[in-house]
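# Residue-level structural notes
Given next are the chains, with one letter for each unit.
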Amino acid sequence: MFFLTSLLTGLLTISLTIIGVASAPAANYFWSSWSDGKPKLTVKNGAEGRFDVTWSGDKGNFVIGKGWNPGSSKNVTYTSTFSPTAGGNAYLAIYGWTTSPLVEYYIIEAHGDHHPSDNPEAKVLGNVTSDGGTYQIMTKKRVNKPSIIGTATFAQYWSIRYEQRPGGGTVNTGTHFKAWEGAGLKMGRHNYMIVAVEGQDSSGSASVTVGVASPEPVPTTVGGGSS
Ligand SMILES: *[C@@H]1O[C@H](CO)[C@@H](O)[C@H](O)[C@H]1NC(C)=O
Ligand SMILES: *[C@@H]1O[C@H](CO)[C@@H](O)[C@H](O)[C@H]1NC(C)=O
């Protein structure tokens, strides 16, 4: 996918901080919203990490989400409802891009009926275990397709979770980046990285709240460890 509009949210929170109103640290999530104009969309870019989308019409394609620019190794959290209608082709995914090489990537947490491996051009490269689940790694070449730098030829990388998590979870994106590199899928310079809802020729609704996991507390006692 590519994006036509994107903007930073959280500006209101920043200005409140500047004039001295007590507030938690501003969470300036990057917002990205793209559609080919065919789905009927109702989108709400909510406070902090929240967004809601309802789509209908069973046609066209959109990708909408919230996250960071640039992307990076991060423990991304999300809580969500994700309800494509029966037969719907839709994904709930951590979604992003790198440049040099140009790469479009997906860590798919939940999907509708369509599974990316249905595509005969997709190459399966193995599994990666992360965040209490197993993900299948796949890649696919895209020739003369829309991208963040215009029409281009590039690779898609996918991690697709077997145990679907439409309701939420934590995703250590660094584990996937490393697994992809280990499978020969080179990453470039990070562009944006969002928790996204994508729908194609489908209908449905989703509500997502994005965040970042606090660092793990460091254990203060060691009892019989092997170090
Ligand atoms: C993500 O969490 C894991 C532990 O669950 C930790 O080892 C890793 O350093 C964290 N990554 C980042 C970028 O904070
Ligand atoms: C990948 O994981 C799935 C689900 O756990 C398993 O069925 C499959 O055999 C694994 N494939 C490989 C190559 O290990």
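Note that the coordinates shown come from a computational prediction; the quantities given were computed from them, not determined experimentally.

With 83% of its residues at a pLDDT of 70 or more, the chain shows a mean pLDDT of 86. Low pLDDT (under 50) marks residues 2-23, which in the prediction has 37 contacts with non-local residues, meaning those over four places away or in another chain.

Moving on: the side chain of T173. Summarising the element assignment, T173 is placed in helix α2 (residues 173-182). Overall, T173 belongs to the buried group, its relative accessible area being 0%. Filtering out sequence-adjacent residues up to four positions away, T173 remains in contact with S72, S73, K74, V76, I94, I107 and M193.

Overall, antiparallel pairing links the five strands, which are arranged β3-β4-β14-β6-β12 in an open sheet. Edge positions in the open sheet fall to β3 (40-45) and β12 (168-172), since each of these has one partner strand only. Within the sheet, the average angular offset between the axes of one strand and its neighbour, ignoring direction, is 20 degrees. Pairing of β3 with strand β4 (residues 50-56) involves six bridges; the strand directions are antiparallel. Each residue of the ladder has a partner; that of T42, found in β4, is T54.

What counts as what
- Residues numbered from 1 in each chain as written.
- Chains lettered and ligands numbered in written order.
- Predicted model: local features only at pLDDT ≥ 70, side-chain atom pairs only at ≥ 80, totals over all residues.
- Heavy atoms only, no water.
- pLDDT = per-residue confidence, 0-100.
- Contact = heavy atoms within 4.5 Å.
- Helix = DSSP H or I, 4+ residues; strand = E, 2+ residues; numbered from the N terminus.
- Buried < 20%, exposed > 50% of the residue type's maximum accessible area, 1.4 Å probe, protein only.
- Pairing = 2+ DSSP bridges.
- Axes fitted to C-alpha atoms, helices over the stretch in contact; angles between N-to-C directions.

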